[in-house]
Amino acid sequence: ASEEEAESIEEAVRIAQSNFSETLVFLESATTSARDSPFKQPKRVSQALLAMHEVCLEWRKSRKEKVTIGLLEERFAAKGFAYKPRESMTSKGKWAGEYEAMYRQRKVPIEQHLALGKGGPDTCLRIHFYADDEEEKYVIAHVGRHKTNTSA
């Protein structure tokens, strides 16, 4: 990975897109949501995307060697990030469309996410993704504002 320092959330996504293309796939919606994000910590987003790249490599290795990497919550926590495997049933029920993305001509679930910060849009960011078992890549669909939920 290069030493480029992102000046914006969108730039953090673009840098990760070029540096981690073997593990991370960015949908257009990831770039759009990053462009619209008022989150104030592009360096933190770059660190989160690096963590996703590293965890994806661990996941691939574990599949190849047929050993578990353990809980993703623990893998990401070890790198300083909060991983959430799903949204609440209420959020999913009321706003189901927000937790799906089109990937390879089909809808895929993007409930799992990394949670960066809390509060308003400038101090809270979410990275929603889908784990593509076939390609062994993380498909990133959203890098931006907290999606609609019961507490948003």
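None of these values were measured; they are calculated from a predicted model. (Residues numbered from 1 in each chain as written. Predicted model: local features only at pLDDT ≥ 70, side-chain atom pairs only at ≥ 80, totals over all residues. Heavy atoms only, no water.)

1. Section: helix H1 (residues 9-19)
An α-helical turn contains 3.6 residues, so any two residues separated by three or four positions project in the same direction. For H1, the complete set of buried residues consists of Ile 9, Glu 10, Ala 12, Val 13, Ile 15 and Ala 16. At its buried positions, H1 is contacted by strand S1 (24-26), helix H2 (28-35), helix H3 (42-65), strand S6 (124-132) and strand S7 (137-144). (Buried < 20%, exposed > 50% of the residue type's maximum accessible area, 1.4 Å probe, protein only. Helix = DSSP H or I, 4+ residues; strand = E, 2+ residues; numbered from the N terminus. Contact = heavy atoms within 4.5 Å.)

2. Examining unusual backbone geometry
Trans is the prevailing form of peptide bonds, just as negative phi is the prevailing case for residues other than glycine. One non-glycine residue, Lys 66, lies in positive phi territory at about 55°. Here Lys 66 is to be found in the loop between H3 and helix H4 (72-77). Residue class for Lys 66 comes out exposed when judged on its relative accessible area of 72%. Despite not being glycine, Arg 104 has its phi angle at roughly 55°, a positive value. Its location among the elements puts Arg 104 in the loop between strand S3 (100-103) and strand S4 (106-109). Here Arg 104 falls in the partly exposed class, since its relative accessible area comes to 46%.

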